[in-house]
Amino acid sequence: MNAYKSRRARRPHAVIIGMMGAGKTRVGKEVAHMIHVPFADADLEIEREVGMKIPQYFERYGEPAFRRVEADLIADFLEDFEGVFSLGGGAPMTPSTQDALADYIARGGRVVYLDADPAEAMERANRGGGRPMLNGDANARWKKLFKERDPVFRRVANVHVHTRGLTPQGAAKKVIDMVAQRTVHVTGATIEPYDVAIGEGTMGHLVEVLGPKPHKIALIHTQPVQRHSDRARALLRQGGYEVSEILIPDAEPGKTINVANGIWERLGEEGFTRSDAVVGVGGGAATDLAGFVAATWMRGVRYVNCPTSLLAMVDASTGGKTGINTPQGKNLVGSFYTPAGVLADMRALVTLPNDIFIEGLGEVAKSGFIRDSEILSILESHADELRGFDGSSFLGTPLEDVVAELIERTVTVKAYHVSSDLKEKGLREFLNYGHTLGHAIEKLEHFRWRHGNAVAVGMVYAAELAHILGYIDQNLVDYHRSLLGSLGLPTSWNGGSFDEVLALMHRDKKARGNMLRFVVLDGGPGHMVHLDNPPADAVEEAFRRIQQ
Ligand SMILES: NC(=O)c1ccc[n+]([C@@H]2O[C@H](COP(=O)([O-])OP(=O)(O)OC[C@H]3O[C@@H](n4cnc5c(N)ncnc54)[C@H](O)[C@@H]3O)[C@@H](O)[C@H]2O)c1
Ligand SMILES: O=C(O)C(=O)C[C@@H](O)[C@H](O)[C@H](O)COP(=O)(O)O
């Protein structure tokens, strides 16, 4: 259906923004030197273009004229310059430059906010003189500008680098590492903002994300990810925390009230207080349980997720749905409780078995169907490599970049839905595409079917239902089957009766009273609608069509 084409057009490797004196030029040059690309400084380029020094230009034509020249030049460089590009301190305050930077980020660009220690930055900014924006009491002006600009810098940048105490070389190395990372910022009216950091070595930010307040950390993990939790434990100990390692049963058996209760008892015995924290390392089952413990212990303590499966990286670790299963069904008890950060470290995928990686592609495809059709294109073009995933030889290959992009895009879809509807009043329900039947299958299979596989069949079911009711055409139903099948995901199921399935679908969290509620595509990918109380014969006929 879609043919994925590489969107890597000409654009800067990184754009550096920050306050006057933050070291944008010095560090930017260092970064360019280290990665062997050219460097450009917007202020110097402007001086070259207008044929005079910036203070002179300011004096003769005023700031608005300067900002216009600056915005035009930046727009040109963002389209055409392949190197490291640093902007003047005030440049990101211009609305058209903000739009140009947003477009550059959408094309895969990295806008780096270089955040220096204020005292150091003020000292450097004052050193050379000749800064029209600092006329008068330079330090007072710098502080005032910082107050205005810092929130904007945070908003327009997708990489935030603190440089306090670092040499220019050290700061440049940090910029290079962080530019190689992808970050999705999750925010919203009712959400304490946090970042999902995706890339090799992101677990290294664990201490930074936990912050200085916690004294004790409950490190919750399962046995198959011991190697990764050992790394987390070492980082935590280096960070000075007291670590309580808590091993839980693997997969769904870990998501129970008994397991949660065992952990509450342990936290009580070990004197965990409200300022202590929880770190969850593992697949989605472990991060759901760890989040639930964090949400309930003393009515809520800080928690950080270190997802280790593809599914947990793209979906379970972000968005704040935490919970446990009950004998009656999946995730029936839980809480919406937001993590302080998510560290999706690609290195964790080296031990991930092929079938569990493939399962995660189910939720990736879901995000493609519900919002970002570029995801579908990427899945289509890389289906063979993705299906053949081998964690042991995957780092450093082109597939790693494909997977990182899929994770970033899928988390972005999740962040979009969660940001405006944390508690799932309407929009967020679209993330539940394929889950109404999917959860029923998991339950009837006694959780021996993997979640992503059940969701894949659930999406084919939802597509059949939408087709029967006239929302989508047969081609799109076929496309569900062919795409999911090409990734190695199941598209049919024959493990239970319609009556059993129907009873479970009535217990789905989207159901209202006796009314079933589905989310389905309307017309094509990216167009979702709620489907309340569909005709009973359509619900049954769609089920017949997914049986083998
Ligand atoms: N909270 C949410 O928004 C949300 C979203 C999607 C799914 N979920 C939940 O997530 C769970 C599914 O997550 P999952 O697919 O990760 O399953 P899982 O947590 O059961 O993990 C699958 C298996 O892979 C192992 N594993 C994970 N990472 C590994 C690694 N790097 N190396 C070796 N083994 C590894 C696990 O230990 C487990 O045996 C379900 O309970 C589902 O309900 C929650
Ligand atoms: O985050 C959401 O909202 C989702 O629905 C994401 C789903 O992919 C995920 O499986 C979630 O755990 C399902 O939640 P539930 O409320 O249907 O149990």
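On a predicted model such as this, the values are computed, not experimentally measured, just so you know.

Bringing the nonpolar core into the picture now. Ranked by size, the top nonpolar core spans 84 residues in total, and within it Leu-379, Val-403, Tyr-433 and Tyr-461 carry the most contacts. Counting residues domain by domain, this core receives three or more from each of domain 2 (182-352) and domain 3 (424-546). Leave out the neighbours within four places in its chain, and Val-403 touches Leu-310, Met-346, Leu-349, Phe-357, Leu-386 and Phe-394. Counting 39 residues, the second-largest nonpolar core is a separate cluster that includes Ala-22, Ile-54, Phe-81 and Leu-87.

Moving on, we get to the packing of aromatic side chains. On inspection of all chains with the given rule, the structure shows 16 aromatic pairs. Residues Phe-369 and Tyr-433 carry aromatic rings whose centres are separated by 6.4 Å and whose planes lie at 65° to one another, so their mutual orientation is edge-to-face. Of this pair, Phe-369 sits in helix 14 (residues 354-370) while Tyr-433 sits in the loop between helix 17 (398-420) and helix 18 (435-444), and the two are 64 residues apart along the sequence. In this pair, the class of Phe-369 matches that of Tyr-433, namely buried.

Attention shifts here to the site of ligand 1. Taken together, the neighbourhood of ligand 1 is formed by 30 residues, with Asp-250, Glu-252, Ser-309, Lys-330 and Thr-351 sitting nearest. Between an oxygen atom of ligand 1 and a side-chain N or O atom of Glu-252, the distance comes to 2.5 Å. One of the side-chain N or O atoms of Lys-414 is found 2.9 Å from an oxygen atom in ligand 1. When ligand 1 is considered free in solution it has 850 Å² of accessible area, and contact with the protein chains removes 94% of it. In a pocket analysis with a 2 Å cut-off to the grid points, ligand 1 is assigned to the second largest pocket. Elements supplying a minimum of two residues to the shell around ligand 1: helix 12 (284-296), helix 13 (310-316), strand 13 (329-336) and helix 14. Each residue belonging to the shell around ligand 1 can be placed in one class, and the counts come to 10 nonpolar, 9 polar and 11 charged.

Along the chain, the position of His-451 falls in helix 19 (residues 451-468). The class for His-451 is buried, based on a relative accessible area of 14%. At a separation of 2.7 Å, a polar atom in the side chain of His-451 contacts the side chain of Glu-442. Aside from chain neighbours lying at most four places away, what touches His-451 is Leu-311, Lys-330, Glu-359, Glu-363, His-435, His-439 and Glu-442.

Quick look at empty space enclosed by the protein now. If you walk through the whole model with that rule in mind, you get 5 cavities of 30 Å³ or more. One number sums up the size of the largest cavity: a volume of about 110 Å³. For the largest cavity, the lining is made up of 13 residues, of which Lys-330, His-439, Leu-504, Arg-507 and Asp-508 are closest to its centre. The greatest single-element share of the lining of the largest cavity, amounting to 4 residues, is contributed by helix 18. Each residue belonging to the lining of the largest cavity can be placed in one class, and the counts come to 4 nonpolar, 4 polar and 5 charged. Three or more residues apiece are contributed to the lining of the largest cavity by two domains, here domain 2 (182-352) and domain 3 (424-546). Looking at the second largest cavity, its volume works out to about 40 Å³.

Bringing the site of ligand 2 into the picture now. Surrounding ligand 2, one finds 14 residues, the nearest of these being Asp-315, Lys-321, Arg-428, Asn-432 and Lys-509. Within the side chain of Arg-428, an N or O atom sits 2.7 Å from an oxygen atom of ligand 2. The side chain of Lys-509 places a nitrogen or oxygen atom 2.6 Å from an oxygen atom of ligand 2. More than half of the atoms belonging to ligand 2 lie within 2 Å of the grid points that define the second largest pocket. At the level of elements, helix 14 and helix 18 are the ones that each hand at least two residues to the shell around ligand 2. Looking at the shell around ligand 2 residue by residue, the class counts come to 1 nonpolar, 5 polar and 8 charged. For the shell around ligand 2, the two domains that each supply at least three residues are domain 2 (182-352) and domain 3 (424-546).

The subject of this paragraph is the environment of Gly-170. Residue placement: Gly-170 occurs in helix 8 (residues 168-180). Classification of Gly-170 as partly exposed rests on a relative accessible area of 24%. Along the sequence, Gly-170 and Val-27 sit 143 residues apart, while their C-alpha atoms lie 8.9 Å from each other.

A separate point is the domain arrangement of the protein. The domains assigned to the protein are domain 1 (14-180), domain 2 (182-352) and domain 3 (424-546). A C-alpha centroid distance of 36 Å is found between domain 1 and domain 2.

Next up on the list: the sheet that holds strand 4 (residues 111-115). Pairing in this open sheet of 5 strands is parallel, and the strands run 2-3-1-4-5 from one edge to the other. Of all the strands in the sheet, just strand 2 (39-41) and strand 5 (159-162) have a single pairing partner and so form its edges. Across this sheet, the average inter-strand angle for adjacent strands is 20°, counted without regard to direction. Pairing geometry for strand 1 (residues 14-17) and strand 4, over 3 bridges, is parallel.

It is worth spelling out the pairing of strand 5 at this point. Side chains of strand 5 alternate between two faces, with Val-159 and Val-161 buried and His-160 and His-162 left unburied. Sheet topology places strand 4 next to strand 5; 4 bridges connect them, and they run parallel. The residue of strand 5 that forms the bridge with Tyr-113 is His-160.

Further remarks concern helix 19. When the terminal C-alpha atoms of helix 19 are compared, their 26 Å separation across 18 residues agrees well with the 26 Å that a helix rising 1.5 Å per residue should span. With 16 of its 18 residues buried, helix 19 lies for the most part within the structure. At the C-terminal side of helix 19, Gly-470 shows a positive phi close to 85°.

Turning next to helix 10 (residues 226-238). Because an α-helix completes one turn every 3.6 residues, residues spaced three or four positions apart along the sequence face the same direction. With 13 residues, helix 10 extends 18 Å between its outermost C-alpha atoms, agreeing within 8% with the 18 Å of an ideal straight helix rising 1.5 Å per residue. The set of residues buried in helix 10 consists of His-228, Ser-229, Ala-232 and Leu-236. Down the axis, helix 10 shows its buried residues gathered within 95° of arc, on one side only. Counted as exposed and oriented over 90 degrees from the buried face of helix 10: Arg-227, Arg-237 and Gln-238. Where helix 10 is buried, its residues meet helix 9 (206-210), strand 8 (216-221), strand 9 (242-247) and strand 10 (277-282). Positive phi appears at Gly-240, one or two residues downstream of helix 10, with a value of about 90°.

Conventions we followed
Residues numbered from 1 in each chain as written. Chains lettered and ligands numbered in written order. Predicted model: local features only at pLDDT ≥ 70, side-chain atom pairs only at ≥ 80, totals over all residues. Heavy atoms only, no water. Core = buried A, V, L, I, M, F, W, Y, C linked by side-chain atoms within 4.5 Å. Buried < 20%, exposed > 50% of the residue type's maximum accessible area, 1.4 Å probe, protein only. Domains from an automatic or database assignment. Contact = heavy atoms within 4.5 Å. Phe/Tyr/Trp six-rings, centres within 6.5 Å; stacked < 30°, edge-to-face > 60°. Helix = DSSP H or I, 4+ residues; strand = E, 2+ residues; numbered from the N terminus. Near = heavy atom within 4 Å. Polar contact = N/O pair within 3.5 Å; in protein donor to acceptor, adjacent residues only side chain to side chain. Areas by Shrake-Rupley, 256 points an atom, 1.4 Å probe, with all protein chains shown as cover. 1 Å grid on protein atoms, 1.4 Å probe; cavity = no way out; pocket = protein on both sides within 12 Å on 5 of 7 lines; lining within 4 Å. Sits in = over half its atoms within 2 Å of the grid points. Nonpolar A, V, L, I, M, F, W, Y, C, P; charged D, E, K, R; others polar. Points joined across faces, edges and corners; volume = space filled by probe spheres on them. Pairing = 2+ DSSP bridges. Axes fitted to C-alpha atoms, helices over the stretch in contact; angles between N-to-C directions. Expected span 1.5 Å × (residues − 1). Arc of directions from axis to C-beta.

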